[in-house]
Amino acid sequence: MASPRGWVCWHDWSFRPDTNRALWDEWAEIHARSDWYNLDAVRRGECKLRPYEIDEVGDVGGKTLLHLQCQIGTDTICWARRGADVTGVDFSARAVAIATDLARELAVDARFVCADVLRLPDVLEAEFDVVYTSRGVLGWLPDLDRWATVVAHFLAPGGVFYLTDVHPVAKVFVNQDRPDRPRRAVTQVSVAAQHGRGRDGHCCRRSADRVPS
Ligand SMILES: C[S@@+](CC[C@H](N)C(=O)[O-])C[C@H]1O[C@@H](n2cnc3c(N)ncnc32)[C@H](O)[C@@H]1O
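The structure contained in this document is the topic of the report that follows.

Each value, and the rule that gives it
- Residues numbered from 1 in each chain as written.
- Predicted model: local features only at pLDDT ≥ 70, side-chain atom pairs only at ≥ 80, totals over all residues.
- Near = placed C-beta within 6 Å.
- Helix = DSSP H or I, 4+ residues; strand = E, 2+ residues; numbered from the N terminus.
- Nonpolar A, V, L, I, M, F, W, Y, C, P; charged D, E, K, R; others polar.
- Axes fitted to C-alpha atoms, helices over the stretch in contact; angles between N-to-C directions.
- Contact = placed C-beta atoms within 7 Å.
- Buried ≥ 20, exposed ≤ 12 C-beta atoms within 10 Å, placed from the backbone.
- Arc of directions from axis to C-beta.

Moving on, we get to the site of the ligand. If you check the shell around the ligand, you find 20 residues, and the closest are Trp24, Gln69, Gln71, Phe91 and Gly136. Taken together, the elements giving at least two residues each to the shell around the ligand come down to helix H1 (17–32) and helix H4 (74–81). Residues belonging to the shell around the ligand are distributed by class as follows: 9 nonpolar, 7 polar and 4 charged.

Moving on: the packing of H1 against helix H5 (residues 93–105). At a closest axis distance of 7 Å, the pairing of H1 and H5 adopts a crossing angle of 30°. In contact with Trp24, Asp25, Ala28, Glu29 and Ala32 of H1, H5 contributes Ala93, Arg94, Ala95 and Ile98. Residue composition of the contact of H1 with H5, grouped by class: 6 nonpolar, no polar and 3 charged.

Turning to helix H7 (residues 144–154), a few remarks are in order. Those residues of H7 not exposed but buried are Val150, Val151 and Phe154. Down the axis of H7, the buried side of the element spans an arc of 100°, and every buried residue falls inside it. Turned more than 90 degrees off the buried face of H7, the exposed positions are Asp145, Ala148, Thr149 and His153. In this structure, the buried residues of H7 make contact with strand E1 (64–68), helix H6 (120–123), strand E4 (128–134) and strand E5 (155–165).

Pasting the structure below:
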């Protein structure tokens, strides 16, 4: 909220999903033209997934995969090319339209749903072998308990939930394991959890914290 002098009072800020959505509609257009997302590389068949996540998620051939906060669908399409039966979800209508058009253009079989991830059970009925979400996701969500309930809702028994995130969430872990290197920042964190394993029904391992060398 702007003060009389025009600066922003963060402690008066409250979550506004419509503002976030409008922002992402704009950014989806910008990202679709950007070198970072490089849609032409995806068109040429390049895989945008990181080697570590391909390794940690494992073989997705013939599996159903739900990609939460998929944005313009580049990673979703890459999972489909690896044999997964994919459903991407994002609350930006522009992002979902770009993802849908791209998959159609590339003849990749992918389904995209425009929905708030926290309300997804209201509009999608299914179970998935893999629930996947990556890079730049948690920081946008106002209620992580509810988000975790949504993840659990869609995960099939024995299925795998995979999260890998970057800033700002990764910064929570700065220095956690490296007190000797105070200026180094953790740039990525990943969590893989398998439904139906472990003491309380879930097993969870933090499988990768990446610190730049
Ligand atoms: C940083 S992007 C994710 C980028 C993605 N990993 C990729 O490589 O394309 C974050 C995405 O989260 C989406 N998002 C934010 N809040 C959401 C919500 N409540 N429900 C669904 N999508 C949401 C935004 O529309 C945006 O597309």
